[in-house]
Structure formats: structure tokens, C-alpha cells
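Given next are the chains, with one letter for each unit.
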Amino acid sequence: MLETARFLQPEVQAMANALTARAAERRISGPQAEGLNALLADLGRTLEAVLVLDVDDEQLVKRLSGRRSCAKCGAGYNVYFEPPQQEGVCDACGGELTSRPDDDASTIRRRLQVYNDQTFPLIAFYEQTGANVRHVDGDRSVGDVQRQLVELLTEGACVLAAQ
């Protein structure tokens, strides 16, 4: 799982390394995080930093519950942030817009509670061990968040690096 594909652009490689580590760590507790650190050491790698995207839960509920996609062409919309010109109708092809069954607000809140219950202790673990925990404000535009992520990754803030 810690092996990554080879990419031509260094920032893409850095992002792949960081996201691979993020995916591996997301569901683990302190002892398991210690195990990850030991595994990385065995591989001759270190965890340079932990990247945390901070987004308000209610903002996430709105983003996820507002998602709609065209059943015909797959075009995506959000009823709150990027609504179609006509409610329920795809601007591109006129197809019907649908939502996922699990994109209702109550289901999203339950998923967020589970995520928060598992993630906050892990962030606290890394903060207590002195890891370089970097918080990124995810309540901004996709472009702004992406620019900051690339900046952090290219400066080496969140990269699994060879020792």
C-alpha cells in the first residue's frame, strides 16, 4: 500500500506519497500509528508531516447532500454551489439529475461522526509525538485549496521521504 506509482512531475509524486500515507493512517489508532512508523522505518522512509484538511461539518453536509449528477451524461452539479439552470434537469443534455441514496443529510452526519471519532484521536496522537501536523483550510475554493496543497507538497512538508 505504501508503494506508489512513478510520475514524471515531482509535485504529483509528492502528492501521491502524502495521500498514500493519509489513506493508510486514516483508520488507525495510536498503537497502529506507531506500527506504521515502524513499518516506514523498516522501509527506510519517514513520515515528514501529517496533512489535515479542516472543513466545517455543516459545510460538508451541504456539499455532499447538494450533489446531483446527470443519469444520462454524468455531468455534476451542486444545488447550493453550482445549480443547474432548471432544477432537476441537466444543462448539458437535458437528462434527469439524481442524487446518491446515501447523500441525505442524516446519513452524512452519521458518517462524519464516525470519521471524526476515528480521526481526531489520530491527529492528537501525531501532535503529541511532535509530528509536523499541517492544517489546511478546506472551506475555500477548490483552486485555493489545491494551490496550498501543492505548495506544501512541493516544499516537502507532507512527503514520505527516503532517509
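Residues numbered from 1 in each chain as written. Predicted model: local features only at pLDDT ≥ 70, side-chain atom pairs only at ≥ 80, totals over all residues. Heavy atoms only, no water.

**Student:** In this structure, what is going on with the pattern of salt bridges? I would like to understand it.
**Tutor:** Side chains that differ in sign of charge can pair as their charged atoms come close. Counted according to the given criterion, the structure contains 6 salt bridges. The residue aspartate 103 makes a salt bridge to arginine 67 at a minimum N-O spacing of 2.8 Å. Here aspartate 103 is found in the loop between strand S5 (97-98) and helix H4 (105-128), whereas its partner arginine 67 is found in strand S3 (residues 67-70), with 36 residues between them in sequence. Note on aspartate 103: relative accessible area 5%, which makes it buried. Look at arginine 67 and you get partly exposed, because its relative accessible area is 30%. Two residues, arginine 100 and aspartate 102, come together in a salt bridge whose shortest N-O distance is 2.9 Å. (Salt bridge = Lys/Arg side-chain N within 4 Å of Asp/Glu carboxyl O. Helix = DSSP H or I, 4+ residues; strand = E, 2+ residues; numbered from the N terminus. Buried < 20%, exposed > 50% of the residue type's maximum accessible area, 1.4 Å probe, protein only.)

**Student:** How should I be thinking about the packing of aromatic side chains in this particular structure?
**Tutor:** Working definition: an aromatic ring pair is given by the centre-to-centre distance plus the angle between the planes. Evaluation of the coordinates by the stated rule reveals 2 aromatic pairs. Ring centres of tyrosine 80 and phenylalanine 81 lie 6.4 Å apart, and the angle between their planes is 65 degrees; this geometry places the pair in the edge-to-face category. Under the relative-accessibility criterion, tyrosine 80 is labelled partly exposed at 45%. Judged by relative accessible area, phenylalanine 81 falls into the partly exposed class, the value being 41%. (Phe/Tyr/Trp six-rings, centres within 6.5 Å; stacked < 30°, edge-to-face > 60°.)

**Student:** For this particular structure, what's the right way to read the environment of glutamine 146?
**Tutor:** Residue placement: glutamine 146 occurs in helix H5 (residues 142-154). Separated by 10 residues in the primary sequence, glutamine 146 and valine 136 have C-alpha atoms spaced 10.0 Å apart.

**Student:** When you look at the confidence of the model for the chain in this model, what are you seeing that I'm missing?
**Tutor:** Caution applies to low-pLDDT regions: their predicted coordinates should not be interpreted in detail. The predicted model of the chain has a mean per-residue pLDDT of 79, with 75% of residues at 70 or higher. Highest mean pLDDT in the chain belongs to S5 (98); lowest belongs to strand S7 (residues 160-162) (36). Segment residues 22-28 is flagged for pLDDT under 50; beyond a separation of four residues in sequence, or across chains, it makes 20 contacts in the model. (pLDDT = per-residue confidence, 0-100. Contact = heavy atoms within 4.5 Å.)

**Student:** Would you explain the side chain of aspartate 103 in this entry?
**Tutor:** At 2.8 Å, the side chain of aspartate 103 and the side chain of arginine 67 are in polar contact. Here aspartate 103 is in contact with Leu64, Ser65, Arg67, Ile108 and Arg111, once residues within four sequence places are set aside. (Polar contact = N/O pair within 3.5 Å; in protein donor to acceptor, adjacent residues only side chain to side chain.)

**Student:** Just to check I follow, could you spell out the nonpolar core for this structure?
**Tutor:** The nonpolar side chains of soluble globular proteins are, as a tendency, buried together. Ala33, Leu36, Leu40, Val50, Val52, Leu122, Ile123, Phe125, Tyr126 and Val133 together form the largest nonpolar core, which totals 10 residues. Looking at this core element by element, the count peaks at 4 residues for H4. (Core = buried A, V, L, I, M, F, W, Y, C linked by side-chain atoms within 4.5 Å.)

**Student:** Looking at this model, I keep getting lost on the packing of helix H3 (residues 57-65) against H4. Mind explaining?
**Tutor:** Any two packed helices are characterised by the angle at which their axes cross and by the distance between the axes. Axis separation between H3 and H4 bottoms out at 10 Å; the angle between their running directions is 135 degrees. The angle between H3 and H4 falls in the class oblique. Remark: the crossing between H3 and H4 carries right-handed chirality. Touching Asp57, Glu58, Leu60, Val61, Leu64 and Ser65 of H3 are Ala105, Ile108, Arg109, Arg111, Leu112 and Asn116, all from H4. Of the residues assigned to the contact of H3 with H4, the class counts are 6 nonpolar, 2 polar and 4 charged. (Axes fitted to C-alpha atoms, helices over the stretch in contact; angles between N-to-C directions. Parallel < 35°, antiparallel > 145°, perpendicular 65-115°, else oblique. Left-handed = near helix turned anticlockwise from the far one by under 90°. Nonpolar A, V, L, I, M, F, W, Y, C, P; charged D, E, K, R; others polar.)

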